[in-house]
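# Structural description and commentary
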Amino acid sequence: MSGTDTGGGISRVVPDVVRRRFVRKYFGIVVVAMLLTAVVGVALGASATATLNGQVEQQVASTAGLQADSLEGWIDGLRHQTRTISEAPPFQTGRTDGVAAYLLNRLQNARSDIVAIHYVKSSDATVVESTEQGMSGTDLQAAGVPWATRTEEIDATTDTVSTVVVADTPYESATDETVVAFISAPPQNTEHVVVVEAALSAGGAFQQTTEGAFTTVHNGDESLVYGQDHADAPVPDGAIGSESTGVAALSGSVVGYAPVEGTDWTVATHVPSRQAYALRDQLLTTIAALVLVPLVVLGAATAVFGRRTGSALERLTKKAERMEDGDLDVTFDRQRADEIGRLTAAFGNMQAALKEEIATAERAREKAEVSRAEAVTMNDYLQERADEYSEILARCAAGDLTVRMDPDGENDAMDRIAADFNETLSELEKTTGQLKRFAEEVAETGETIESSAYSLQDASEQIAESIQTVSIDTDDQRAKLQAATEEMDAAAAALERHADERDIDVTKPIANVERAAATLSDVAEGTDQTTAEAETVAGAAEEQAAELTEVTQQADKLRRYATPLGDVLGRFKTDAEREFYFPSGPGNVEDAPAPEE
């Protein structure tokens, strides 16, 4: 079972030989993690080293500065002590009276680090009086005292009141102690100087904060002032004569240095590198342990667990590849309870499911083959029936309504199509036949209505003319009756006048005349009524004639429409003509014949 790793940008730079194997990728990730851990550890160690180195160097330099300050304070205290002694009255006269007693008394009350006090002639460095027995009259130059060789320089310097010269080159005193001389001239006796010798061991009692550390003091000419036990200890270049505090790492030690103000001295504090960097080395050891122990454990766990996991995955991969090639009889070990065990179980379940799927697919394939054969047969049958039905439909479309589809009982859907088509075509054929008959009857009826309308129109016109003639004759008769009535009225009036003139009783004749006149009047009124009725009949006849004209026009139009319809319907072929009738409406009777089937 092979696949392509489709990771992101990182996978594109990883070789295929690594990307295609989980174990190699796992080991690669672990190696990268170990390298990153190591890099972080190194960076952390470097940062801690730099920080601690800086702290150590700062501490050593600070220690050197503090020791230089301490030495400077010791010197300043002795300067002050020397100046105070030189200002005492016994030294102001230039005589020696009382000087020896004063020196002894002063020494007894002086600080413990002062080992001797001398009263010296400045011009030749000869001791006049001293707290040390046997020193009086001693030529210090001859005795090898370093500062005595600079009597002229010291004499000129001490001529300034309150000036104290520090003879910064130590030497061995009469008491066999290494001392430093502090020289000051009495204010009123510059021909002599008071020399105070202080034990350098008191000023050089430096406190060390680190085991194995020591301090040396060097003069401006690089000669050793203090720390003869470490005379071979190196001093950093540029340290002697430097005006500032500094530090330098030398072979096996860290040296801090600082100048002593008011002298040419330089204090050098030497700290062994092992002690100086003990905290750094311990921290680095701890960091190394914190980094290396997990790396070792991770490497060992990776070597063991990764190899076992890789072997299990490789076996599972090979079995999966066999399954991919079609071998479903491989066996899967399901004893492990971890993710690989569950993955193996999943492959086993997938194997069983694949077998079942294949069996199901095989059964479905067999059914599909049978169904395909049936489908091919059915398709051929449907194609044949479709061609047959297509031909029938083409004949029907050409106007032959007598064709029918023949259901063969092979397919219910096709049989339903044929039955529905035949039923529809039968109805269409029946309707077409009725329409053809209707069109013919409409055409015939239109001609009949048109002919009858013309006859009725002529009759109506004749009636109207006859009634018009009657109306005219009636008017003439009414006029004559009116005239006769008027004459009868005039005759009756004349008869009444004549009777009145002759005094004749004419009542009865007049009454007869009046009755005759009334009768004529009634006849005239009847004539008027007859004339009005005649005019009404004449108007109705004229209206009927107009309506008949419109009916004639409509009948002609109906005939002209029905004739083309009949021509079109005549193109359709039907088995028999159907009688068209209205199932209800005007002219329908109960015993009307039913339509032909």
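Throughout, a residue's number is its position along its own chain's written sequence, starting from 1. pLDDT decides what is reported in this predicted model: residues at 70 or higher carry local features, side-chain atom pairs at 80 or more are listed and counted, and totals for whole chains, interfaces and linings draw on all residues regardless. Based on all heavy atoms of the structure, the side-chain values leave hydrogens and waters out of the count.

## Things to note about helix α4 (residues 99-109)
- The classification of residues rests on relative accessible area computed with a 1.4 Å probe and restricted to protein chains. Under 20% of the type maximum is buried, over 50% is exposed, and intermediate values are partly exposed. Secondary structure elements follow DSSP: runs of H or I of four or more residues count as helices, runs of E of two or more count as strands, with numbering from the N terminus. All buried positions along α4 are accounted for by Val 99, Tyr 102 and Leu 103. Across the axial projection of α4, the buried residues extend over an arc of 100 degrees, all falling on one side. Of the exposed residues in α4, the ones pointing more than 90 degrees away from its buried face are Ala 101, Gln 108 and Asn 109. What the arc covers is the set of directions going from the helix axis to the C-beta atoms.

## Quick notes on the sheet that holds strand β10 (residues 266-272)
- Reading across the sheet, the 5 strands line up as β7-β6-β10-β9-β8 and stay open at both edges, with antiparallel pairing between neighbours. Unpaired on one side and paired on the other, β7 (224-226) and β8 (246-250) mark the two borders of the sheet. Geometrically, the sheet is characterised by an average inter-axis angle of 30 degrees between neighbouring strands, direction not taken into account.
- Here 5 bridges tie β8 to strand β9 (residues 253-259), and the two strands are oriented antiparallel to one another. Note on β9: the bridge partner recorded for Ala 249 is Val 254. Note: two strands are recorded as paired if DSSP finds a minimum of 2 bridges between them. Convention adopted: a line fitted to C-alpha atoms gives each axis, helices being fitted over their contacting stretch, and angles between N-to-C directions are expressed from 0 to 180 degrees.

## Concerning helix α6 (residues 151-158)
- Buried within α6 are the following residues: Thr 151, Ile 154 and Thr 158. One side of α6 holds all its buried residues, which, seen down the axis, span an arc of 70 degrees. Seen from the open side of α6, the exposed residues pointing more than 90 degrees away from its buried face are Glu 152 and Ala 156.
- In this structure, the buried residues of α6 make contact with α5 (140-143), β3 (164-172), β4 (178-184) and β5 (192-199). Note on contacts: a residue pair qualifies if any of its non-hydrogen atoms lie within 4.5 Å across the two residues.

## Side note on the sheet that holds β3
- Pairing within the open sheet is antiparallel, and its 5 strands lie in the order β2-β1-β5-β4-β3. The open sheet has two edge strands, β2 (126-130) and β3, and neither has a second partner. The sheet shows a mean angle of 30 degrees between the axes of neighbouring strands, direction not considered.
- Sheet topology places β3 next to β4; 6 bridges connect them, and they run antiparallel. Residue pairing in the sheet places Glu 172 in a bridge with Thr 178 of β4.

## Notes on the pairing of β3
- Most of β3 sits inside the fold, with 7 of its 9 residues counted as buried.
- Hairpin connection of β3 to β4: 5 residues between the antiparallel strands, including Asp 176 at a positive phi of 65 degrees.

## Observations regarding empty space enclosed by the protein
- As defined here, a cavity is a set of points on a 1 Å grid over the protein atoms alone where a 1.4 Å probe fits but cannot get out. A pocket is an open set with protein on both sides within 12 Å along at least five of seven lines, and residues line them when an atom is within 4 Å of a point. Grid points are joined across faces, edges and corners, and a volume is the space filled by probe spheres set on the points. The full count for this structure, using the stated rule, is 1 cavity of 30 Å³ or more.
- Counted as a void, the largest cavity has a volume near 40 Å³.
- Sorting the residues of the lining of the largest cavity by element identifies β1 (114-121) and α6 as the ones contributing at least two each.
- Per-element tally for the lining of the largest cavity: the top contributor is α6, with 3 residues.
- Basically, the charged four are Asp, Glu, Lys and Arg, the nonpolar ten are Ala, Val, Leu, Ile, Met, Phe, Trp, Tyr, Cys and Pro, and anything else, Gly included, counts as polar. Tallied by class, residues from the lining of the largest cavity come to 4 nonpolar, 2 polar and 2 charged.

## Observations concerning a negative patch on the surface
- Exposure above 30% relative accessible area and the lack of any salt bridge qualify a residue for a patch; like charges then connect within 9 Å, and the nonpolar side chains Val, Leu, Ile, Met, Phe, Trp and Tyr within 5 Å. For the area figures, the Shrake-Rupley method with a 1.4 Å probe applies, and any residue is considered shielded solely by the protein chains shown. The working definition used for a salt bridge is a side-chain nitrogen of Lys or Arg within 4 Å of a carboxyl oxygen of Asp or Glu. Positive charges are assigned to Lys and Arg, negative charges to Asp and Glu, while His and the chain termini are left out of the count. The atom standing in for a charge is NZ when the residue is Lys, CZ when it is Arg, CG when it is Asp and CD when it is Glu. Taken together, Glu 486, Glu 487, Asp 489, Glu 496, Asp 500, Glu 501 and Glu 514 make up a surface patch of like negative charges.
- At 6 residues, the largest contribution of residues to the negative patch is made by helix α11 (residues 412-502).

## A look at a nonpolar patch on the surface
- Side chains of Met 350, Leu 354 and Ile 358 sit close together on the surface and give an oily, nonpolar patch of about 250 Å² of accessible area.
- Relative to the helices and strands, Ile 358 resides in helix α10 (residues 339-397).
- Residue classification places Ile 358 among the partly exposed positions, given a relative accessible area of 48%.

## So, the pattern of salt bridges
- All told, the structure shown has 10 salt bridges when counted by the stated rule.
- Its salt-bridge partner being Asp 113, residue Arg 111 comes within 2.8 Å of it at the nearest N-O pair.
- Look at Arg 111 and you get partly exposed, because its relative accessible area is 30%.
- Exposure remark for Asp 113: the relative accessible area of 7% places this residue in the buried category.

## Regarding the pairing of strand β6 (residues 214-218)
- Burial analysis of β6 places 5 of its 5 residues in the buried class, which makes it a mostly covered element.
- In this sheet, β10 lies alongside β6 in antiparallel orientation, the contact comprising 5 bridges. Its bridge partner being in β10, Thr 215 is matched across the sheet by Thr 269.
- Summarising the sheet, β6 and β7 pair through 2 bridges and their orientation is antiparallel. Counted as the bridge partner of Val 217 is Tyr 226 from β7.
- In this antiparallel pair of consecutive strands, β6 and β7, the connection spans 5 residues, and Glu 222 shows a positive phi of 70 degrees.

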